[in-house]
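If you want the building blocks of each chain, they are given just below.
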Number of protein chains: 2
Amino acid sequence: MSSVRYSYEQLKTFCCDAFEKFGFTAEEAVKITDVLLLSDLYGIESHGMQRLVRYHKGIEKGLIHVDAKPEVVFETPVSAVIEGHDGMGQLIGIEAMKIAIEKAKKSGMAVVSVRNSNHYGIAGYYAKMAADEGLIGFSMTNSEAIMVPTYSRLAMLGSNPIAISMPAKPYPFFFDSSTTVVTRGKLEIYNKLSKPLPDGWALDENGKACSDASRVLANIVGKNGGGIMPLGGETETLGGHKGYGYGMLCEIFCSIFSGGLTSNHTHIGGKGGTCHGFMAIDPDVFGDAKGMQERFSTFLQELRDAPKAEGCERIYTHGEKEIFAYADRMKNGIDVNINTVAEMKNLCDYLGMDSVKYLGDVDFTDAKQSSYK
Amino acid sequence: MSSVRYSYEQLKTFCCDAFEKFGFTAEEAVKITDVLLLSDLYGIESHGMQRLVRYHKGIEKGLIHVDAKPEVVFETPVSAVIEGHDGMGQLIGIEAMKIAIEKAKKSGMAVVSVRNSNHYGIAGYYAKMAADEGLIGFSMTNSEAIMVPTYSRLAMLGSNPIAISMPAKPYPFFFDSSTTVVTRGKLEIYNKLSKPLPDGWALDENGKACSDASRVLANIVGKNGGGIMPLGGETETLGGHKGYGYGMLCEIFCSIFSGGLTSNHTHIGGKGGTCHGFMAIDPDVFGDAKGMQERFSTFLQELRDAPKAEGCERIYTHGEKEIFAYADRMKNGIDVNINTVAEMKNLCDYLGMDSVKYLGDVDFTDAKQSSYK
């Protein structure tokens, strides 16, 4: 047995109860759970249940302050800077994007930048909030340094994802992507599966290519050097300096605009310090919003209808896979890796929750100890 | 002889006179020349003198209307949509970014989207205009389709560059990069040098890897299939869907916001239709603009000072190479490939300019016929 299948409702109940046990209000627990489970429903398993252990450890170590409330410390009609007071990233992110949406509806567009937050789950959740309101949404976050800039051997930037969502028919454009080749969460999954990493993903502490997920992850935590390559790879030949540049774009909207910590200074000495950036744009500021959505939908359809490469059956537009995964998982349930289920059981034990009631009577023979500390 | 060295002043005189001969005013010719020569001075030789032949052909074929003036067709305090009336891209781009800068100074930020323009040179020129005024500048453009989306075998998006510039000490952050692995201009240079393309750059008409620059360029012009890979390559393993996604971001700001043609519909049937997108953000909307610039400059210095990969001597921040190239070329002159000089001579002949006076008595033995039609 390498995974256990749960229904959405089962996982929601488990997750909400766990976050209430941590000390969040029922309303807050629902918000946090909604972010985490959208990730699993969208098939982005690296950022859903798989990440619970990080929130568990974050709260345990005092990086995440359960009672903290985000505070607007500066604002204009088109902007806000939010001090997160080391609160839970999802709660801060939702609040910040709500402010960006409100301001964009009044002023046409707005940027909100956040400092001193924590990991906020998938960046796309917040971009989607704007698209659900008919706006174009952008969401970015920095993180513990994992990206090794071109010609360096030390991680200096985070996975620094940029997410963009925009309304379209029959489903919205939804792009959510780290500016590294892959996310740290992807390495964590390879580590749980004991699989070697593909070429072109990661570097060891000497800046040399490395396929050992466990070693790379340990080096990231220990800040020993190495990490994940920027999108475009190790050198400039295939554009590694471009992935590094998009990582900088993310850093500008997150840590630079907010006056928070750049990725290389976060997660040092018992301090988190994650920063986020959000932008919302009302399509009405360009005139014909309805016509715009129609034209955009037509373009997306043209992309899907384009001639396929030999051996390829379909061309996806961004967000399509997530829509299909969502429908499938709501109907058929969500497969959770046995090692992640083991972490969920540990969490039950820690919080005094009855693991058999929440997770069933699971056989953990195939589970291995998580490498995450 | 594979190149000829000219001073900045020589090239400026040639270029200004040539554009005046095409029918532009002296003031317009200076603006166009300034964009083109900044590219050569920055070492981005693909977008300077090397591209003159495209403007020549564009004007000759009627794609570029010399007398057209950009027209604001919709605006709000934070936005504008500009109809380019098929004018010269550089003139439209400068006007559009000026409007974005003015609006951002009043409203805090602004987006300007342009339709029915033409190739506007390096995207970074316009981002730099905003940074020169103390703002954060963004510039994007679509183009004739050259990017093959993941799992397709037909180019559907342009090179779709995204440029970002932000003030910093001792020099600004300046990131200007296509969302394809490389630009078409880079393929044109390999073609002029008769060099095979590196692996991971281009696809032939069947969607298979191809190192023949001449074949790929001919296929792009003939719309026969194939083209350049998105940043991240051919498949999702190294993140090709991410480069495709950043290409979509560019398309949204350019063709979708403006109601213009998406890349796959530009340059068909005697119509150009290139679209641009610009954004400017005033750092004052986040409070402490001076402190922000200091913190950003510190981060850039930390990146340059980070431990180097084995065998690497320095880590660059974006825009550094351009600053060094600029200083070198203003002092020592600009090397222009002999094939490009041959194109410049053709242009002199076409416009009735004395090529020996402008370009010197050049030995064209090593020049080959340009493949561009």
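A brief structural summary. (Residues numbered from 1 in each chain as written. Chains lettered and ligands numbered in written order. Predicted model: local features only at pLDDT ≥ 70, side-chain atom pairs only at ≥ 80, totals over all residues. Heavy atoms only, no water.)

1. A few points about the overall build of chain A
(1) Moving on: Check the secondary structure of chain A and you find twelve helices and eleven strands.
(2) Moving on: Taken over the C-alpha trace, chain A has a radius of gyration of 20 Å; the compact-globule value for 373 residues is 21 Å, and the two agree within 12%.
(3) Moving on: Each principal axis of the C-alpha atoms in chain A carries an extent, and together these give about 60 × 50 × 45 Å.
(4) Moving on: Counting across all 373 residues of chain A, residues that qualify as buried make up 62%.
(5) Moving on: Contacts in chain A between residues at least 24 apart in sequence constitute 68% of all its contacts with a sequence separation of at least 6. (Helix = DSSP H or I, 4+ residues; strand = E, 2+ residues; numbered from the N terminus. Rg over C-alpha atoms; globule rule 2.2 N^0.38 Å. Buried < 20%, exposed > 50% of the residue type's maximum accessible area, 1.4 Å probe, protein only. Contact = heavy atoms within 4.5 Å.)

2. With respect to the sheet that holds strand β6 (residues 162-166) of chain B
Residues and elements named next belong to chain B.
(1) Moving on: Spatially, seven strands are ordered β2-β3-β4-β10-β5-β6-β7 in an open sheet, and the strand pairing comes out mixed. On the outer flanks of this sheet lie β2 (71-76) and β7 (173-177), each paired with one strand and no other. Strand-to-strand, the axes of this sheet are offset by a mean angle of 10 degrees, without reference to chain direction.
(2) Moving on: As defined by bridge partners, strand β5 (residues 136-141) adjoins strand β10 (residues 274-281) across six bridges and the pair is classed as antiparallel. Pairing of S139 across the sheet is with F278, part of β10.
(3) Moving on: Packing of helix α8 (residues 240-258) onto the sheet brings it into contact with β3 (79-83), β4 (109-117), β5, β6 and β10, and relative to β4 it is tilted by some 80 degrees. (Pairing = 2+ DSSP bridges. Axes fitted to C-alpha atoms, helices over the stretch in contact; angles between N-to-C directions.)

3. What about helix α8 (residues 240-258) of chain A?
Residues and elements named next belong to chain A.
(1) Moving on: Given a rise of 1.5 Å per residue, 19 residues ought to cover 27 Å, and the 27 Å separating the end C-alpha atoms of α8 matches this to within 8%.
(2) Moving on: At I252, α8 shows its largest kink, close to 40 degrees.
(3) Moving on: Buried residues dominate α8, accounting for 18 of its 19 residues. (Expected span 1.5 Å × (residues − 1). Bend = angle between axes of the 7 residues up to and from the residue.)

4. A short note on empty space enclosed by the protein
(1) Moving on: One pass over the full model with this rule turns up five cavities of 30 Å³ or more.
(2) Moving on: Of the voids in this model, the largest cavity is the one considered here, and its volume is about 130 Å³.
(3) Moving on: Lining the largest cavity are 13 residues; nearest its centre among them are F138, L249 and M279 of chain A together with L249 and M279 of chain B.
(4) Moving on: Secondary-structure elements contributing two or more residues to the lining of the largest cavity are β5 (136-141), β6 (162-166) and α8 of chain A together with β5 and α8 of chain B.
(5) Moving on: Within the lining of the largest cavity, the residues separate by chemical class into 13 nonpolar, no polar and no charged. (1 Å grid on protein atoms, 1.4 Å probe; cavity = no way out; pocket = protein on both sides within 12 Å on 5 of 7 lines; lining within 4 Å. Points joined across faces, edges and corners; volume = space filled by probe spheres on them. Nonpolar A, V, L, I, M, F, W, Y, C, P; charged D, E, K, R; others polar.)

5. Considering the packing of aromatic side chains
(1) Moving on: Tallying each qualifying case throughout the model produces 35 aromatic pairs over all chains.
(2) Moving on: Centre to centre, the rings of F22 of chain A and Y350 of chain A are 6.4 Å apart; their planes meet at 45 degrees, and the pair counts as tilted. Taken as a pair, F22 of chain A in helix α1 (residues 8-22) and Y350 of chain A in helix α11 (residues 338-351) lie far apart in primary sequence, 328 residues in all.
(3) Moving on: Since its relative accessible area comes to 12%, F22 of chain A is described here as buried.
(4) Moving on: Taking 4.3 Å as the distance between ring centres and 15 degrees as the angle between the ring planes, the aromatic pair formed by F257 of chain A and F286 of chain B counts as stacked. Of this pair, F257 of chain A sits in helix α8 while F286 of chain B sits in the loop between β10 and α9 (289-305), each in a different chain.
(5) Moving on: Feature note: the residues F19, F22, F24 and Y350 of chain A constitute an aromatic cluster, connected by ring pairs.
(6) Moving on: Its guanidinium or amino end placed over the ring of Y316 of chain A, K321 of chain A lies 4.7 Å from that ring's centre, counting from NZ or CZ. (Phe/Tyr/Trp six-rings, centres within 6.5 Å; stacked < 30°, edge-to-face > 60°. Lys NZ or Arg CZ within 6 Å of the ring centre and 35° of its normal.)

6. What about helix α5 (residues 124-132) of chain B?
Residue and element names in this part refer to chain B.
(1) Moving on: Among the nine residues that make up α5, seven are buried, leaving the element largely enclosed by the rest of the structure.
(2) Moving on: Along α5, the residues that are buried comprise G124, Y125, Y126, A127, M129, A130 and A131.
(3) Moving on: Summarising the contacts, the buried residues of α5 are in contact with α2 (26-41), α4 (89-107), β5, β6, β7 and β10.
(4) Moving on: One or two steps after α5, the chain reaches G134, where phi turns positive at roughly 85 degrees.

7. Brief notes about the sheet that holds strand β7 (residues 173-177) of chain A
(1) Moving on: Taken in spatial order, the seven strands make up an open sheet running β2-β3-β4-β10-β5-β6-β7 (chain A), and their pairing is mixed. Looking along the sheet, the strands with just one partner apiece sit at the ends: β2 (71-76) and β7 of chain A. Between one strand and the next, the sheet's axes are offset by a mean angle of 10 degrees, whatever the strand orientation.
(2) Moving on: Contacts from α8 of chain B reach β5, β6, β7 and β10 (274-281) of chain A, with the element oriented near 135 degrees to β7 of chain A.

8. Section: the relation of the copies chain B and chain A
(1) Moving on: In screw terms, the move from chain B to chain A is a rotation of 180 degrees and a rise of 0.0 Å along the axis, fitting with an RMSD of 0.0 Å. Here the symmetry operator amounts to a two-fold rotation axis. Among all residues of chain B, the minimum C-alpha distance to the rotation axis is found for G232 of chain B, at 2.5 Å.
(2) Moving on: The fraction of interface residues of chain B whose copies in chain A are also interface residues reaches 100%, indicating that both copies meet through the same surface. (Least-squares fit on C-alpha atoms with pLDDT ≥ 70 in both.)

9. Some words on the environment of L238 of chain B
(1) Moving on: Topologically, L238 of chain B is positioned in the loop between β9 (227-228) and α8.
(2) Moving on: On the basis of relative accessibility, which here comes to 33%, the residue L238 of chain B falls in the partly exposed class.
(3) Moving on: Counting along the chain gives 61 residues from L238 of chain B to S177 of chain B, while the straight-line C-alpha distance between them is 18 Å.
(4) Moving on: In contact with L238 of chain B, other than residues within four places in its own chain, are V181, D199, G200, W201 and L231 of chain A together with G232 of chain B.

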